[in-house]
Amino acid sequence: LAAGNTLEMVDGRDRIYMDLSRKGAMFHISIGEPRQQPDMGAHLRRMPHLMETQAAAAPDILENYRIFLVHHSTSEILGFVRALDASGCWFLTTLFIRYQGVVPDFHLEDMLSMPEERFRFHALQRIELRESVDGAYILSRQYSYMTGLKDLDRALRSLRGNYLDSMRLTAGHLFFREAFAAREEGRRLLLIEDGGYLAPVLNRLCHESRSLGEVLERFGVTPPEGLRTDIRIKDWLCEVLPATFEHTTNGYYHLQTVERECNGLNFPALTIATSRYKNIVEAEACAYSILSAVESIFNGLGRSMLHRHALVLGSKGNIGRFVMKALTERVSYGTALGLDLKATPAGGNGSREFSHIHRLLEADWKHLDLFVGITGVSVLQRDFFERLLLEGSAEQLFFASGSTKTIEFADLTDWIEALSNTSRPRIGGHSVRMEK
């Protein structure tokens, strides 16, 4: 079994099959016939255009590259991993973006069937902390072996940071481990990510002329013995990192900000974030998926969307505008308002979108009870939440983030956490009772 074989037991006409999967973590007993074996190719076959592209490429086109991938755990990404495998990718390390939710069992079965000597998969796992609303994140034990990652695991437990900080620490640590391996092999390293976790940070560190030692310390990486760490990170990375790839608009905007503030990028950045398909077709699908999830939660609570008074944060964005459109149709007996810097200052010409929260009429903001954030930045501040609690008419307030980072409500969670850690919390002079 440990060698990957299947054990068959026969008793008359009865047959029982036993085998192991997920690097020995899962023991299967199948009655009557062997279980269906993992098949990464099934994910690739769902994407005929990618199959055609991969088939038309030169054989082993990626044999001189290691790849570090930061992306969501979806069937499409597993198909992409299989395409990289078929293109001869020398080594792939994947860090899955997993804030909450459950990864389907068959996804785990399929990805962990890939050879460990060429494919590694990792993700973070949220843990509850008594003194924290956000909790903290550690390396999940569901994926590849944790060999050599004790320093990272220790750093995450010490950090006790929010999701974005934890992801950036993890991404940076794994990236530099890959960079060391690529340099030793005489290969190059490609960074492909979905959300601007690392590329903007690396470009900024290069612009600041940080030393290799400073950067390794920041990401909890122990340098190989004999490595010079006093050289500039820019000089060291330029020999191994030819380009970075970004798949989201938020990540693209982060790179633009670095480019503007640092007078350029140190590494070319390629992106699909500005394509029509990404910004229109996929954005509309994402919007409906987000609202479907919100509505499912309301239904589970015995409630509906019909009477909600909603505010969409980022209502002019690629996804936000479709959320705004769909939400307007669903709140038949409520209201749907938008908040976006690109909106006309006072929501003129009958528009229900505003450029600043203070431009909302009192009759509108007092009834708000659902906030849907699609911005990737924290918009609403503590003073607004205090006023809403003290003067608003809603008995319950709901906050839904359309991103994995939930940055839209960072100020809210920071304020709640501060109140939770106060012996006698008060809001506007009123004593309050906190429960989690």
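Structure first, text after, so check above.
Structure report, in brief. What you see is a predicted model; the values in this text were computed from it and never measured. (Residues numbered from 1 in each chain as written. Predicted model: local features only at pLDDT ≥ 70, side-chain atom pairs only at ≥ 80, totals over all residues. Heavy atoms only, no water.)

Describing the overall build of the protein chain
- When helices and strands are tallied, the protein chain shows 15 helices and 17 strands.
- Since a compact globule built from 436 residues should have a radius of gyration of about 22 Å, the 25 Å found for the protein chain is in line with a globular shape.
- Expressed as lengths along the three principal axes of its C-alpha atoms, the size of the protein chain is roughly 70 × 70 × 50 Å.
- The 436 residues of the protein chain split such that 45% are buried.
- Put simply, of all contacts in the protein chain between residues at least 6 apart along the chain, 66% involve residues at least 24 apart.
- Surface accessibility of the protein chain: about 22600 Å² in total, with carbon and sulfur atoms responsible for 50%. (Helix = DSSP H or I, 4+ residues; strand = E, 2+ residues; numbered from the N terminus. Rg over C-alpha atoms; globule rule 2.2 N^0.38 Å. Buried < 20%, exposed > 50% of the residue type's maximum accessible area, 1.4 Å probe, protein only. Contact = heavy atoms within 4.5 Å. Areas by Shrake-Rupley, 256 points an atom, 1.4 Å probe, with all protein chains shown as cover.)

A short note on the nonpolar core
- The biggest cluster of nonpolar side chains holds 45 residues, and the ones touching the most others in it are F68, F175, F176 and L237.
- Broken down by element, this core gets its largest block of residues, eleven residues, from helix α6 (residues 163-185).
- Excluding residues within four positions of it along the chain, F175 makes contact with F68, L189, L191, L198, L202, L237 and L241.
- Judged by nonpolar contacts, the second largest core, of 22 residues, contains C89, F96, L108 and M111. (Core = buried A, V, L, I, M, F, W, Y, C linked by side-chain atoms within 4.5 Å.)

Considering the sheet that holds strand β11 (residues 309-313)
- The sheet built from five strands is open, its strands ordered β13-β12-β11-β14-β15 with parallel pairing. In the strand order of this sheet, the two ends are held by β13 (353-354) and β15 (398-401), each with one partner.
- Strand direction decides the pairing type here: strand β12 (residues 335-339) and β13, joined by two bridges, are parallel. From the neighbouring strand, G338 faces β13, where its bridge partner is E353. (Pairing = 2+ DSSP bridges.)

With respect to the side chain of R22
- Tracing the chain through its elements places R22 in the loop between β2 (14-21) and β3 (26-31).
- Polar side-chain contacts of R22 include one of 3.3 Å to the side chain of D105.
- Engagement of the side chain of R22 in a polar contact is seen with the side chain of E109, the distance being 3.0 Å. (Polar contact = N/O pair within 3.5 Å; in protein donor to acceptor, adjacent residues only side chain to side chain.)

Focus: the pairing of strand β8 (residues 188-193)
- Of all six residues in β8, five are buried; the element is thus mostly enclosed.
- For β8 and strand β9 (residues 244-246), the ladder comprises three bridges, and the chain directions are parallel. Looking at the pairing, L191 lines up with T244 of β9.

Observations regarding helix α14 (residues 382-391)
- The complete set of buried residues in α14 reads F384, F385, E386 and L388.
- Elements in contact with the buried residues of α14: α13 (362-365), β14 (370-373), β15, α15 (410-420) and β16 (426-427).

Topic: the layout of surface pockets
- In this model, the second largest pocket occupies a volume close to 310 Å³.
- In terms of lining, the second largest pocket is formed by 19 residues, of which the most central are G4, L20, S21, R22 and K23.
- Among the elements that make up the lining of the second largest pocket, the one with the highest residue count is β2 (three residues).
- When its residues are assigned to classes, the lining of the second largest pocket shows seven nonpolar, seven polar and five charged. (1 Å grid on protein atoms, 1.4 Å probe; cavity = no way out; pocket = protein on both sides within 12 Å on 5 of 7 lines; lining within 4 Å. Points joined across faces, edges and corners; volume = space filled by probe spheres on them. Nonpolar A, V, L, I, M, F, W, Y, C, P; charged D, E, K, R; others polar.)

A short note on the pairing of β3
- Looking at chain direction, β2 and β3 are connected through six bridges and run antiparallel. Opposite I16, over in β3, you have I31 as the bridge partner.
- The loop that links β2 with its antiparallel partner β3 comprises four residues; one of these, R22, has a positive phi angle of about 50°.

Some remarks on the environment of S420
- Here S420 is to be found in helix α15.
- Taking C-alpha positions, S420 is 35 Å from A343, a pair spaced 77 residues apart along the chain.
- Beyond its immediate stretch of four places on either side in the chain, S420 contacts V133 and M434.

Digging into the packing of aromatic side chains
- Across all of its chains, the model carries 16 aromatic pairs by this definition.
- Centroid distance F68 to F175: 6.5 Å. Interplanar angle 55°. Geometry classified as tilted. A residue pair is termed long-range when its members are at least 10 positions apart, and F68 in strand β4 (residues 65-72) and F175 in helix α6 qualify at 107 residues. Like F175, F68 is buried.
- Arranged with centres 5.9 Å apart and planes meeting at 5°, the rings of F96 and F121 form a pair that is stacked. You can see F96 sitting in strand β5 (residues 91-97) and its partner F121 sitting in strand β6 (residues 119-129), a full 25 residues away along the chain. (Phe/Tyr/Trp six-rings, centres within 6.5 Å; stacked < 30°, edge-to-face > 60°.)

Looking at the sheet that holds β8
- Taken in spatial order, the seven strands of this open sheet run β7-β6-β5-β4-β8-β9-β10, and their pairing is mixed. Strand pairing shows two members of the sheet lacking a second neighbour, β7 (132-139) and β10 (269-271), which therefore form its edges. Looking at each pair of strands side by side, their axes are set apart by 20° on average, direction ignored.
- Sheet topology places β5 next to β6; five bridges connect them, and they run parallel. Across the sheet, the residue bridging to L92 is F119, located in β6.
- On the sheet, helix α3 (residues 75-86) packs against β4, β5, β6 and β8 and is oriented at approximately 175° with respect to β4. (Axes fitted to C-alpha atoms, helices over the stretch in contact; angles between N-to-C directions.)

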